[in-house]
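Remarks on the overall topology
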Amino acid sequence: MDQTLTIPATLRLAAFTLDVEHDYGSRTGRFEALRDAAGVERLQSFLGRRGIPVSAFAVSSLLDQEPAAVEFLRALRAEVHSHSHTHGGEETEKELMESQDIIRRLFPQGPIGYRAPHGRVDAEQVQTAKRLGYAFSSSVFPSLRPGVFNNLASPLTPYRHANGLVELPFAVVRGVRLIVSVSYIKLFGWGLFERLMGRFGLPPVAVIDSHLHDFLDTPSYRLLPAPLRLAWGVNRMRGIEFAGRLADFLARRGYTFVTMNEIVRRLQPPGEGGS
């Protein structure tokens, strides 16, 4: 049975997470985002100026094939976690083992967490991640996406799966459960999010999702089917602006930006070691 974690009443933590994968979640079969050199510089400058640490969830096969992605993450001094090996493989054990091995080779660092592709995490992934020594999962959108997931009954705050693996769910607006991600803010507009977050509030631990295509001028955008091009075209180049507005909103409400590993560390009971 899942068990929610005890969170101190005054604790307010936020994590900026960046999914590093093929453009638009592999829908184009390309990786062209980092060709936008000016956009990369603006993103790096924004994060550095705001002092926002990056927790990246990378598709490890991409890291193995694209040195530019590795250099980009190193330049950001990102904490790197697994977003699976291929973002679509069916053999869970192989996916998680290969991903872990590649990340450890390229980024000697602390514990590694796991993020399931497309927000679809199942019992097999949870069991495998725990057995392989992953420190946490951050895979659950406690919201509804028809045809993809229905997690309306899931907790909004961090919890442990039945096997003990910590889950750090994505941030949603309380009550309405609207996902607080850069993609969603671009689609629905900052004004709506500001009103809803101001009225209903956010969980005390806010894991913010984003992707490279939220911030960069990705040439493969033109290859998307028309409905997806329309959706991702809304406020297409305003990702940094909206991320800044969200950072300001969180700061006004007492949130501190930290890495994912720091969140896990802060939530551990006294005397309990990390993975």
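Residues numbered from 1 in each chain as written. Predicted model: local features only at pLDDT ≥ 70, side-chain atom pairs only at ≥ 80, totals over all residues. Heavy atoms only, no water.

With respect to the layout of surface pockets
- In this structure, the largest pocket occupies an estimated 620 Å³ of space.
- In terms of lining, the largest pocket is formed by 32 residues, of which the most central are Arg 145, Ser 183, Tyr 184, His 211 and Trp 232.
- Elements with a minimum of two residues in the lining of the largest pocket: α1 (23-26), α7 (182-188) and α9 (226-233).
- Residue contributions to the lining of the largest pocket peak at 5 residues, all from α7.
- Class assignment of the residues belonging to the lining of the largest pocket gives a composition of 14 nonpolar, 10 polar and 8 charged. (1 Å grid on protein atoms, 1.4 Å probe; cavity = no way out; pocket = protein on both sides within 12 Å on 5 of 7 lines; lining within 4 Å. Points joined across faces, edges and corners; volume = space filled by probe spheres on them. Helix = DSSP H or I, 4+ residues; strand = E, 2+ residues; numbered from the N terminus. Nonpolar A, V, L, I, M, F, W, Y, C, P; charged D, E, K, R; others polar.)

A few points about unusual backbone geometry
- The backbone phi angle of His 118 is positive, close to 65°, even though this residue is not glycine.
- Within the secondary structure, His 118 sits in the loop between α5 (92-106) and α6 (123-131).
- A residue is classified by how much of its surface remains accessible, and His 118, at 33% relative accessible area, is partly exposed.
- Located in the positive-phi region is Asn 235, a residue other than glycine, with phi close to 50°.
- Topologically, Asn 235 is positioned in the loop between α9 and α10 (239-252). (Buried < 20%, exposed > 50% of the residue type's maximum accessible area, 1.4 Å probe, protein only.)

A closer look at a nonpolar patch on the surface
- On the surface, Leu 187, Phe 188 and Val 234 cluster together into a nonpolar patch covering about 230 Å² of accessible area.
- Within the fold, Phe 188 resides in helix α7. (Patch = residues over 30% accessible without salt bridge, like charges linked within 9 Å, V, L, I, M, F, W, Y side chains within 5 Å. Areas by Shrake-Rupley, 256 points an atom, 1.4 Å probe, with all protein chains shown as cover. Salt bridge = Lys/Arg side-chain N within 4 Å of Asp/Glu carboxyl O.)

Observations concerning the sheet that holds strand β8 (residues 159-160)
- Taking strand neighbours across the sheet as the criterion, the 4 strands line up as β1-β8-β9-β5 in an open arrangement whose pairing is mixed. In the strand order of this sheet, the two ends are held by β1 (3-4) and β5 (136-137), each with one partner.
- Direction of pairing for β5 relative to strand β9 (residues 166-167): parallel, over a ladder of 2 bridges. Among the inter-strand pairings, Ser 137 is bridged to a residue of β9, identified as Glu 167. (Pairing = 2+ DSSP bridges.)

Thoughts on the pattern of salt bridges
- Enumeration over the complete set of coordinates arrives at 15 salt bridges.
- Note that Asp 214 and Lys 186 form a salt bridge whose closest N and O atoms lie 3.9 Å from each other. Placement of the pair is Asp 214 in the loop between β10 (205-208) and α9 and Lys 186 in helix α7, with a sequence separation of 28 residues. Neither residue differs from the other here; Asp 214 and Lys 186 are each classed as buried.
- A salt bridge links Glu 262 to Arg 265, with the shortest nitrogen-to-oxygen separation between them at 2.7 Å. Of this pair, Glu 262 and Arg 265 both sit in helix α11 (residues 260-267), 3 residues apart, which is roughly one turn of the helix.
- Three or more residues joined by partner-sharing salt bridges are found here, namely Asp 19, Arg 115 and Asp 209.

A look at α10
- With 14 residues, α10 extends 20 Å between its outermost C-alpha atoms, agreeing within 8% with the 20 Å of an ideal straight helix rising 1.5 Å per residue.
- Looking at α10, one finds that the buried residues are Gly 239, Ile 240, Phe 242, Ala 243, Gly 244, Leu 246, Ala 247, Phe 249 and Leu 250.
- The secondary structure elements touched by the buried residues of α10 are β2 (13-20), α2 (37-50), α7, α8 (190-200), β10 and β11 (256-257).
- Downstream of α10 by a residue or two, Gly 254 has a phi angle that is positive, lying close to 85°. (Expected span 1.5 Å × (residues − 1). Contact = heavy atoms within 4.5 Å.)

Observations regarding empty space enclosed by the protein
- Summed over all chains, the structure comprises 2 cavities of 30 Å³ or more.
- Of the pockets and cavities examined, the largest cavity occupies roughly 60 Å³.
- Together, Phe 16, Phe 46, Ile 52, Val 182, Ile 208, Ala 243, Leu 246, Ala 247 and Phe 257 line the largest cavity.
- Among the elements that make up the lining of the largest cavity, the one with the highest residue count is α10 (3 residues).
- Across the lining of the largest cavity, the residue classes break down as 9 nonpolar, no polar and no charged.
- Volume-wise, the second largest cavity comes out at about 30 Å³.
- Glu 21, His 22, Asp 23, Ala 33, Leu 212, His 213 and Thr 218 are the residues that line the second largest cavity.

Comments concerning the packing of aromatic side chains
- In this structure the tally under the stated criterion is 9 aromatic pairs.
- Seen from their ring centres, Phe 141 and Phe 170 are 3.8 Å apart, and the 5° between their planes marks the pair as stacked. Of this pair, Phe 141 sits in the loop between β5 and β6 (144-145) while Phe 170 sits in the loop between β9 and α7, and the two are 29 residues apart along the sequence. Here the two residues Phe 141 and Phe 170 agree in accessibility, since each one is buried.
- When the ring of Trp 190 is compared with that of Phe 249, the centres are 6.3 Å apart and the planes differ by 80°; the resulting orientation is edge-to-face. Of this pair, Trp 190 sits in helix α8 while Phe 249 sits in helix α10, and the two are 59 residues apart along the sequence. (Phe/Tyr/Trp six-rings, centres within 6.5 Å; stacked < 30°, edge-to-face > 60°.)

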